[in-house]
There are 2 protein chains.
Amino acid sequence: LDANNLQGAKSLLIPVQPVDIAEAIGDLPEAMQLIAFRLLNKTEAIDVYEHLDYTTQQSLIEEFKRQDVLDIVDKMSPDDRARLFDELPASVVKRILAQLSPEERQATNLLLGYEENTAGRIMTPEYTSSKANITLEETLNRLRSHATISELIYYIYVTDESRHLTGVVSLKDLVTHEPQQTLGEIMKSDVIYIKTDMDQEEVAKVVQRYDFLAVPVVDRELRLVGIVTVDDVIDIIEKEATEDIYALGAVQSDGDNYFETNLFTVARRRVTWLLVLLFTNTITGSIIGGQEELLTRITVLAAFIPLLIGSGGNIGTQSSTVVIRGLSTDELKDLGVGKVIFREAIAGALLGLGLGLITILWAYLLPQSQRNLTVAVTVGISLMAISILASIAGSGLPFLFKLLKLDPALMSGPFISTAVDVLGVLIYFSIAGYVLGF
Amino acid sequence: LDANNLQGAKSLLIPVQPVDIAEAIGDLPEAMQLIAFRLLNKTEAIDVYEHLDYTTQQSLIEEFKRQDVLDIVDKMSPDDRARLFDELPASVVKRILAQLSPEERQATNLLLGYEENTAGRIMTPEYTSSKANITLEETLNRLRSHATISELIYYIYVTDESRHLTGVVSLKDLVTHEPQQTLGEIMKSDVIYIKTDMDQEEVAKVVQRYDFLAVPVVDRELRLVGIVTVDDVIDIIEKEATEDIYALGAVQSDGDNYFETNLFTVARRRVTWLLVLLFTNTITGSIIGGQEELLTRITVLAAFIPLLIGSGGNIGTQSSTVVIRGLSTDELKDLGVGKVIFREAIAGALLGLGLGLITILWAYLLPQSQRNLTVAVTVGISLMAISILASIAGSGLPFLFKLLKLDPALMSGPFISTAVDVLGVLIYFSIAGYVLGF
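Residues numbered from 1 in each chain as written. Chains lettered and ligands numbered in written order. Predicted model: local features only at pLDDT ≥ 70, side-chain atom pairs only at ≥ 80, totals over all residues. Heavy atoms only, no water.

1. What about the sheet that holds strand β5 (residues 214–218) of chain B?
All names here are of chain B. Keep this limit in mind: Any two strands with at least two DSSP-identified bridges between them are counted as paired. What counts as a helix is a DSSP run of H or I of at least four residues, what counts as a strand is a run of E of at least two, and both are numbered from the N terminus. Two residues form a contact once any of their heavy atoms are found within 4.5 Å. Every axis corresponds to a line fitted to the C-alpha atoms, with the helix fit spanning only the stretch in contact, and the corresponding angles, defined between N-to-C directions, vary from 0 to 180 degrees.
With respect to topology, 3 strands assemble into an open sheet ordered β4-β5-β6, the strand pairing being mixed. The open sheet has two edge strands with one neighbour each: β4 (194–195) and β6 (224–229). Set on the sheet, helix α14 (residues 200–210) makes contact with β4, β5 and β6; between it and β5 the angle comes to about 135 degrees.

In structure tokens form, the structure reads like this:
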């Protein structure tokens, strides 16, 4: 029984994935992290280190002796290392960089030279390339001796003398064709590639569109310099979605985990938008404040303010949500801007008509002294006008932001709501003043 | 020159990716689609057909002669075919299914038997498996003869006599080890697998966490039945993000492209939430309506309603946005529910304090008769109280929804805003009544 248990415990403990070990280590108190990490053998240690979060990576680096750090950092894959260096203090980076092996140093320098969030920065220079006149058998033999250095060998890129990309052979094609054929005979020569300065969001779209496991990256002279792998693309897609969602909720995103930042950073990330919205709300307030005479005489008008600006805000938010998401997933690229806004305006009119009729009915059914058919009609008409305007603003403003080269997602729900509030009370009091004869 | 041009045109036209051809065909008028599609050779036709959107797939299926349809549908990969069948009228599915080749029929029936959005439905049964005692050389030879049937051969799964999953060998390991070794010798036996009934969102998380190109799917008896590939996972991540974003914007999502549905469907997908919100707003309206006496005497109170409920709504939206996104990306799983809500409440208090002070200042600087220090203080205190409550409601309600097994994203920005409106005016008039002595 004991032996059985031991066996069971062993099978539970030993063959776990690096990402799971990394998480377990990250959860330990800081003093224990170093001890736990030392228990790993060298190959494991590198894999696990790559999966640790930045704070743990940093604290470990500071506690390590010089040579240990160098060994691990030297063997990390260049793209992970570039990302770590982004987070470390510049002095530490400089010190480490100076002591890396020459080829690793070159690889990292290469990546750090590209702008953040571009293909150049997220690519890894560890691709597999070969020449067109090499046979499949020879390629396989070469892979057998070099496989550990290449992060992803599922594609072999074929280049000419000056490193220009001329074709691609998948590992699948490599093993399923006759070993005597050359790469040139079986390669696909219509390679889809990306440039180093392409935005990572666009890179993700290319990989997603063509179901690639990796996409080759070329420099301005069209020479192959690296690949972007599908696992990095998944992380990009998730990060970009979080950014969009935060922007829609009027929270600034800065790439860090919101729940791991301190409360003052949290407040800072939220206060900018709140101040903008506070200012806009004071405009709405001033408009209402300016209608004191009307409100004193017909106080019930105030009771409909939340309903009108609330519905307007909601319809505007719906329109901006679908347009912003459509812009970032390319779902609406077949429709012109005008058509999208027109569709939203019609939808707004339909929704406004429905809600307006319901509101007239409700206002008409109010108890006692508050019942006032004129007010009911005023509210109904205002609601319809506000719905149409809110749809147009909600769908049009993201396009305007895009045209101005700003992030359409900044045109967030809270912002649309607040902007529509101003329009809403203006419309409401104009119609009320007209209908009620002021 | 002419010859040159011809060559150029050819190289532009011929080697294009199936997904690009599919898009070009989708953009043609319906009458042309069939003609263009006929120009493709058979292998191309299947690839292209898989990438067409559902409406084009359907219209082509109706125009095709019986045998053409069968040939293409028979050769589609089973997971794409299952998805097409989901969209086709039941009678057409039945007719086609009856005439498929027996093994293809079985594969499709297998997939259609699983619930939508589970691993069973999105997996493909076309995986590569082998036994542990087979040598690498023999495996390579087998792959060479069978490679076309398997969708992704980058992993070879090792199973025992009763199809239980015992190990996995990546194609990379296969080609980089000595051909005389057996699969059993080089396989990793700690295979991470998923069950057929796992939700597709969870499947995506597994693939993302371990950077897999595919994950094996097992049935209840732990027998290997299929794999889910990384390209499908990317589509799932994007679809789930769209669903979350739509829910946050109070738009129902039903899997279809919003911009391709007709306007009445659009109105239907938006009206449910608007009605809920309209109802909630009438409550806010009633509360204000009930304060007629107070409002008649101090009309300026009405001017602050948009500011108070607007700020409350915005702070609530921010809190619910970060919590909802945190729930779906697992970012906050290390923090307890209590701690998240507490953090948000403190952040709300900080933000409320800042905004409250600014508002008091602003209210104090109002022109002429409207200046009223008592009102200013009332507004300031209310704003702070509302901010704290909005943060607690915004962060707590998504957890409550999750506890009730509902989608936390339903606790959307518009809903939080509207719920906070009710609380906001209640607090405002209570404080106003108290401070102003009613």
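There is more to say, and it comes next.
2. Quick notes on empty space enclosed by the protein
Short version of the rule: Here a cavity is any set of points on a 1 Å grid over the protein atoms alone where a 1.4 Å probe fits but cannot get out, and a pocket is any open set with protein on both sides within 12 Å along at least 5 of 7 lines; a residue lines the site when it has an atom within 4 Å of a point. Grid points are joined across faces, edges and corners, and a volume is the space filled by probe spheres set on the points. Each residue gets one label: Ala, Val, Leu, Ile, Met, Phe, Trp, Tyr, Cys and Pro are nonpolar, Asp, Glu, Lys and Arg are charged, and the others, such as Gly, are polar.
All chains considered together, the criterion is met by 4 cavities of 30 Å³ or more. The calculated volume of the largest cavity comes to roughly 380 Å³. What lines the largest cavity is a set of 29 residues, among which N314(A), S417(A), N314(B), P414(B) and S417(B) lie closest to the centre. Secondary structure elements with two or more residues in the lining of the largest cavity: α15 (230–248), α19 (305–329) and α22 (413–435) of chain A together with α15 (230–248), α19 (305–329) and α22 (413–435) of chain B. Broken down by element, the lining of the largest cavity gets its largest block of residues, 7 residues, from α19(B). The residue inventory of the lining of the largest cavity, partitioned by class, reads 9 nonpolar, 18 polar and 2 charged.

3. A few points about a nonpolar patch on the surface
Residue and element names in this part refer to chain A. Going by this rule: A patch consists of residues exposed above 30% relative accessible area that lack any salt bridge, with like charges linked at up to 9 Å and nonpolar side chains (Val, Leu, Ile, Met, Phe, Trp, Tyr) linked at up to 5 Å. Under the convention used here, a 1.4 Å probe and the Shrake-Rupley method define accessible areas, while residue burial counts only the protein chains that appear. Criterion for a salt bridge: a side-chain nitrogen of Lys or Arg within 4 Å of a carboxyl oxygen of Asp or Glu. Three labels apply to residues, based on accessible area from a 1.4 Å probe with only protein chains included: buried if under 20% of the type maximum, exposed if over 50%, partly exposed otherwise in between.
Together, L361, Y364, L365, L373, V377 and I381 make up a nonpolar patch on the protein surface, roughly 580 Å² of accessible area in all. Breaking the nonpolar patch down by element, the ones donating at least two residues are α20 (337–364) and α21 (373–403). Here the nonpolar patch gets 3 residues from one element, more than from any other, and that element is α21. Structurally, the position occupied by V377 is in helix α21. Taking relative accessible area as the criterion, V377 reaches 32% and is therefore assigned partly exposed.

4. What about the interface of chain A and chain B?
Under the convention used in this document: Throughout, buried area stands for the accessible area (probe radius 1.4 Å) lost by two parts on being put together, summed over both. Side-chain atoms alone can form a polar contact between residues adjacent in sequence; in general such a contact is a pair of N or O atoms within 3.5 Å, and within protein one must be able to donate a hydrogen while the other accepts it.
Facing 113 residues of chain A, the contacting portion of chain B comprises 115 residues. Buried surface at the junction of chain A and chain B, summed over both partners, amounts to about 10,400 Å²; 63% is from carbon and sulfur atoms. Our count for the contact surface shared by chain A and chain B stands at 2 salt bridges. Between E344(B) and R270(A) there is a salt bridge, with its nearest N and O atoms 2.7 Å apart. Counting across the chain A and chain B interface gives 14 residue pairs in polar contact (both at pLDDT 80 or more). Partitioned by chemical class, the residues of the side of chain A that touches chain B number 58 nonpolar, 32 polar and 23 charged.

5. Remarks on the relation of the copies chain A and chain B
Relating one copy of the chain to the other takes a rotation about an axis and a shift parallel to that axis. The cut-off we apply is this: Fitting of the copies onto one another was done by least squares over C-alpha atoms, counting residues only where both copies have pLDDT of at least 70.
Of the two same-sequence chains, chain A is brought onto chain B (RMSD 0.1 Å, axial shift 0.0 Å) by a rotation of 180 degrees. Both copies are brought into coincidence by an operation consistent with a two-fold rotation axis. The rotation axis passes nearest to the C-alpha of T296(A) in chain A, at a distance of 2.7 Å. Taken together, the interface assignments show that 100% of the residues at the interface of chain A recur at the interface of chain B, consistent with an identical surface on both copies.

6. Description of the packing of aromatic side chains
Note the threshold: Here a pair means two rings of Phe, Tyr or Trp (six-membered ring of Trp) with centres within 6.5 Å. Their orientation is stacked below 30 degrees between planes, edge-to-face above 60, and tilted elsewhere.
One pass over the structure, following the stated rule, counts 7 aromatic pairs over all chains. Between the aromatic rings of Y210(B) and F212(B), the centroid separation amounts to 5.5 Å while the plane-to-plane angle is 25 degrees, which identifies the pairing as stacked.

7. So, the pattern of salt bridges
All names here are of chain A. The tally for this structure, following the rule as stated, stands at 10 salt bridges over all chains. For E221, the salt bridge goes to R223, with nearest N and O atoms at 3.5 Å. Looking at E221, the relative accessible area reads 45%, which means it is partly exposed. For R223, a relative accessible area of 28% translates into the label partly exposed.

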